[in-house]
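Read off the chains here:
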Amino acid sequence: AAAAAASAGSLVAAEASGVDVVRAALAEGLEVAELRRRLEEERAEAARAAEEAAEHAAGLSARAAASERANEEAEAALRRSSAAQQDAAESLRRTEADLRRTEAEL
């Protein structure tokens, strides 16, 4: 009887130990599931941040291209203005020369 009681006691202890093992495994499984959920959230957040960064970079690129075009247009306008100033200066020299000739004739 004592052997039977000892055997029953070890069976109860083994079952209790098995329940503890199952509980620990479940708890560990829940921790793993929580870690996986957090990882997915972080991945989604990183993807959103990458998309925002790409949109920002595209905006900066578009602004840089527009700025470059504006600079090119400004340089072209400056060249036209410089050419017009040179033409005006040459015209003024011709007019002054014509005026001197006319004064000399008078």
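Keep in mind that this is a model prediction, so the values were computed, not measured.

The subject of this paragraph is the overall build of the protein. Within the protein, the secondary structure is distributed over one helix and zero strands. Looking at the 106 residues of the protein, the share that counts as buried comes to 1%. Accessible area for the protein stands at about 9000 Å²; split by element, carbon and sulfur atoms hold 59% of it.

Here the focus is a negative patch on the surface. Together, E68, E72, E73 and E75 make up a negatively charged patch on the protein surface. Note on placement: E72 falls in helix α1 (residues 2-105). What makes E72 partly exposed here is its relative accessible area of 44%.

If you walk through the whole model with that rule in mind, you get seven salt bridges. Notably, a salt bridge pairs R38 with E34, separated by 3.1 Å at the nearest N-O pair. Placement of both R38 and E34 in helix α1 is noted, with a separation of four residues, approximately one turn of the helix. R38 gets classed as partly exposed once you look at its relative accessible area, which sits at 44%.

Calculation criteria
- In every chain, residue numbers begin from 1 and rise along the written sequence.
- Owing to the predicted nature of the model, reporting of local features is limited to residues with pLDDT of at least 70; listing and counting of side-chain atom pairs is limited to 80 or more, with chain, interface and lining totals taken over all residues.
- Values shown for side chains rest on all heavy atoms present in the structure; no hydrogens or waters enter the calculation.
- Put simply, DSSP H or I for four residues or longer makes a helix, DSSP E for two residues or longer makes a strand, and each gets a number counted from the N terminus.
- Whether a residue is buried, partly exposed or exposed follows from its accessible area with a 1.4 Å probe, protein chains only, as a fraction of its type maximum: under 20%, in between, or over 50%, in that order.
- Exposure was quantified through the Shrake-Rupley algorithm and a 1.4 Å probe, taking into account, for residues, occlusion by the shown protein chains and nothing else.
- Grouping into patches uses exposed residues only, defined as over 30% relative accessible area, and leaves out salt-bridged ones; the cut-off is 9 Å for like charges and 5 Å for nonpolar side chains (Val, Leu, Ile, Met, Phe, Trp, Tyr).
- Salt bridges are defined as contacts in which a side-chain nitrogen from Lys or Arg sits within 4 Å of a carboxyl oxygen from Asp or Glu.
- Neither His nor the chain termini are counted; the positive set is Lys and Arg, and the negative set is Asp and Glu.
- Positions of charges follow a simple convention, taking NZ of Lys, CZ of Arg, CG of Asp or CD of Glu.

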